[in-house]
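Analysis of the macromolecular model
Each chain, written out:
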There are 2 protein chains.
Amino acid sequence: MKALEEKILKEGTVLPGNILKVGSFLNQQIDAAFLMEMGKEIARLYENDGITKVLTIEASGIAIALAAAAQMNVPMLFAKKTQSLNQSGEIYTAKVKSYTHGKVYDIVVPKEYLLPGDRILIVDDFLAVGNALRGLIKICEDAGATFVGCVAAIEKGFQHGGDKLREEGYRVDALALVDEMTDDTVTFRH
Amino acid sequence: MKALEEKILKEGTVLPGNILKVGSFLNQQIDAAFLMEMGKEIARLYENDGITKVLTIEASGIAIALAAAAQMNVPMLFAKKTQSLNQSGEIYTAKVKSYTHGKVYDIVVPKEYLLPGDRILIVDDFLAVGNALRGLIKICEDAGATFVGCVAAIEKGFQHGGDKLREEGYRVDALALVDEMTDDTVTFRH
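The text that follows walks through the structure, step by step, so that each part is easy to find. (Residues numbered from 1 in each chain as written. Chains lettered and ligands numbered in written order. Predicted model: local features only at pLDDT ≥ 70, side-chain atom pairs only at ≥ 80, totals over all residues. Heavy atoms only, no water.)

**Details of the interface of chain B and chain A**
By convention, interface size is frequently given as the accessible area that disappears when the constituent parts associate. Taken together, the 34 residues of chain B in the interface contact 34 residues of chain A. Taken together, both faces of the contact between chain B and chain A bury some 2,600 Å²; the carbon and sulfur share is 61%. Viewed at the interface, chain A and chain B are joined by two salt bridges. Among the salt bridges present, the one from Glu112 of chain A reaches Lys21 of chain B, with a minimum N-O distance of 2.9 Å. Scanning the region where chain B abuts chain A turns up twelve residue pairs in polar contact (both at pLDDT 80 or more). Every element with two or more residues in the side of chain B that touches chain A is listed here: strand 3 (29-30), helix 2 (32-45), helix 3 (62-72), strand 5 (76-82) and strand 7 (104-110) of chain B. Broken down by element, the residue count for the side of chain B that touches chain A peaks at six residues, all from helix 3 of chain B. Direction of pairing for strand 3 (residues 29-30) of chain A relative to strand 5 of chain B: antiparallel, over a ladder of two bridges. In the strand pairing of strand 5 of chain B, Gln29 of chain A is matched with Leu77 of chain B. (Contact = heavy atoms within 4.5 Å. Buried area = accessible area lost by both parts, 1.4 Å probe. Salt bridge = Lys/Arg side-chain N within 4 Å of Asp/Glu carboxyl O. Polar contact = N/O pair within 3.5 Å; in protein donor to acceptor, adjacent residues only side chain to side chain. Helix = DSSP H or I, 4+ residues; strand = E, 2+ residues; numbered from the N terminus. Pairing = 2+ DSSP bridges.)

Here it is, written out as C-alpha cells:
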C-alpha cells in the first residue's frame, strides 16, 4: 500500500533493537481516517474469501482490526493477554513467547465467540517473528474455525516470520513489507 | 442512544460484582458496524466543540475511541497502562486505582502526542467510579490541553463516578446510562 509506505518514510523512526516507531499514526497515536483507508485495503484483499470474523490480539492490534472489520461488515474479536488464567467460562488458549521481552504469556479467546463455522482473517499491526500469529492460528484450529489468512499492517521481512508461514502454506499479506532498516533508510519489498 | 439500550437488554448479562457483560458486541467481540454507529452519535454530541483529538486508555477503550475519532476526522490517542515506567522519551503520567482489582497502576501518554493547543474528548467503554477518567483528565491538564468532555459508551450511574464529575463542572455524557441492575433487569436513566 503505497500511501502506508510513504507515511512510514515520512513519520517513522528506526530505533535500536530493530524497532520501527510509528507511534504518530499507527500506535499509540492513531490517524483514524488513515486507519479506515488501511481497513478498506484489507477488505479489498479478502473480498472474495467469505470472511466471517476478524481476529486480533490486544492492545495494539485492536484499532487496525476494527478498521478492517468495519469495512468488511463483520465482527471483530480480540484475544486477551494474561499471565494468570482466571477467566470464567470456557476458553481457547495458546502460549506466546514475546520476542521483545522474552517472556511467555497466555492468549485467551472465549469459546462462545469463535465458532467451528467461522472463516477467520487475522489482522495485526506488526508481523516480525510471528509468534503471536502462530498462537492465534492455533486458537482458530482448536476452535475448528478456518484460518483463511493474515494481514499485517507492517511486516518486518528481515525477521522472516511471514516467509516461514508462507512456506508452510499459510496466506500472509502485508500492507507494507520492510526488507531492510538502517538508522537512515527503510527499504520495502514489492 | 436507543439502539444501544436495546442491544444491552438483548445481549448483555449481569454478573456478580456489578459487572455488566457486553462481550458479545462491545468487548471482547466487537460489532464493528454498530461501533461505527456509536462513533457517529459521539461525533454528533460534540460536533460544535472543536475537538482536535480523542483520548482513551488501553485496551477496551481503543475500539470505541477509534470509531468516534474516525467519525470526527481527528486522531485518536491512547494511554498505556504500565506497572513499571520505562518508556523512552518524555511522558505525562497519572496513577489510577483499579476498582475491580484494587491495584494502582500508572497510565502513560508521550508528551509529543498531547499538545497545549489540543481540545480533548475522552472516550471509553465504561464509566463506573471514574478513576481512569480522572487520571486521563489530570494528564490533559498537565499537558495544558483543554479537556472538553467525556463520553462513556455505558455509564453505571449507581456507582456515581459520572455524577460526581458533573457536580465538579465537567461535561460527562453516556450513550447508555444504567441506573440499576439486578440479575433480571437493567434500568436506564433518561
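**Brief notes about the relation of the copies chain B and chain A**
Rotating chain B by 180° and translating it 0.0 Å along the rotation axis places it on chain A, where the RMSD comes to 0.0 Å. The relationship between the two copies is best expressed as a two-fold rotation axis. Of every C-alpha in chain B, the one belonging to Ala59 of chain B sits nearest the axis of rotation, 2.6 Å from it. Comparing contact sets, 100% of the residues at the interface of chain B also lie at the interface in chain A, consistent with an isologous, same-surface contact. (Least-squares fit on C-alpha atoms with pLDDT ≥ 70 in both.)

**Digging into the packing of helix 2 (residues 32-45) of chain A against helix 3 (residues 62-72) of chain A**
Residue and element names in this part refer to chain A. Interaxial distance between helix 2 and helix 3 falls to 7 Å at its minimum, and their mutual angle equals 60°. Classified by the angle their axes make, helix 2 and helix 3 are oblique. Seen along the crossing, helix 2 lies across helix 3 with a hand that is right-handed. Here Leu35, Met36, Met38, Gly39, Lys40, Ile42 and Ala43 of helix 2 lie close against helix 3, whose contacting residues are Ala63, Ile64, Ala67, Ala68, Ala70, Gln71 and Met72. Of the residues in the contact of helix 2 with helix 3, the class split is eleven nonpolar, two polar and one charged. (Axes fitted to C-alpha atoms, helices over the stretch in contact; angles between N-to-C directions. Parallel < 35°, antiparallel > 145°, perpendicular 65-115°, else oblique. Left-handed = near helix turned anticlockwise from the far one by under 90°. Nonpolar A, V, L, I, M, F, W, Y, C, P; charged D, E, K, R; others polar.)

**Here we look at the packing of aromatic side chains**
All names here are of chain A. All chains considered together, the criterion is met by four aromatic pairs over all chains. A centroid spacing of 6.2 Å and a plane angle of 80° characterise the contact between Phe25 and Phe34, whose relative ring orientation is edge-to-face. The ring centre of Phe126 lies 5.3 Å from the NZ or CZ of Lys156, which sits over that ring. (Phe/Tyr/Trp six-rings, centres within 6.5 Å; stacked < 30°, edge-to-face > 60°. Lys NZ or Arg CZ within 6 Å of the ring centre and 35° of its normal.)

**A look at the side chain of Asp106 of chain A**
All names here are of chain A. As for its position among the elements, Asp106 is in strand 7 (residues 104-110). You can call Asp106 buried: its relative accessible area is 11%. A polar atom in the side chain of Asp106 sits 2.9 Å from the side chain of Lys95. (Buried < 20%, exposed > 50% of the residue type's maximum accessible area, 1.4 Å probe, protein only.)

**Observations concerning the environment of Tyr46 of chain B**
Residues and elements named next belong to chain B. Relative to the helices and strands, Tyr46 resides in the loop between helix 2 and strand 4 (53-57). Between the C-alpha atoms of Tyr46 and Cys150, which are 104 residues apart in sequence, the distance is 9.8 Å. With sequence-adjacent residues up to four places away left out, Tyr46 is seen in contact with Ile51, Met72, Leu121, Val148, Gly149, Cys150, Val151, Arg171 and Asp173.

**Comments concerning the pairing of strand 5 of chain B**
Residue and element names in this part refer to chain B. In terms of burial, strand 5 is a largely internal element, five of the seven residues being buried. As paired elements, strand 4 and strand 5 share four bridges and run parallel to each other. Bridge pairing links Val54 to Met76 in strand 5. On the question of chirality, the crossover connecting strand 4 to the parallel strand 5 by way of helix 3 is right-handed. One ladder, built from three bridges, connects strand 5 with strand 7; its direction is antiparallel. Each bridged residue has a counterpart across the sheet, and for Lys81 the counterpart in strand 7 is Ile107. (Right-handed = clockwise from strand over helix to strand, strands pointing away.)

**Looking at helix 1 (residues 2-11) of chain B**
Residues and elements named next belong to chain B. Considered for burial, the residues of helix 1 that qualify are Leu4, Glu5, Lys7 and Ile8. The arc that holds the buried residues of helix 1, viewed along the axis, is 160°, so those residues lie on one side. Exposed and facing more than 90 degrees away from the buried side of helix 1 are Lys2, Leu9 and Lys10. Among the structural elements, strand 2 (19-21), helix 2, strand 9 (146-156), strand 10 (172-181) and strand 11 (186-188) are those in contact with the buried residues of helix 1. (Arc of directions from axis to C-beta.)

**Examining the pairing of strand 9 of chain B**
Residue and element names in this part refer to chain B. The element strand 9 is largely enclosed, with a buried count of ten among its eleven residues. With eight bridges connecting them, strand 8 (residues 119-127) and strand 9 associate as parallel partners. Among the inter-strand pairings, Val123 is bridged to a residue of strand 9, identified as Val151. Handedness of the crossover joining strand 8 and strand 9 through helix 4 (residues 131-143): right-handed. Here six bridges tie strand 9 to strand 10, and the two strands are oriented parallel to one another. When the sheet's bridge partners are listed, Glu155 is paired in strand 10 with Leu177.

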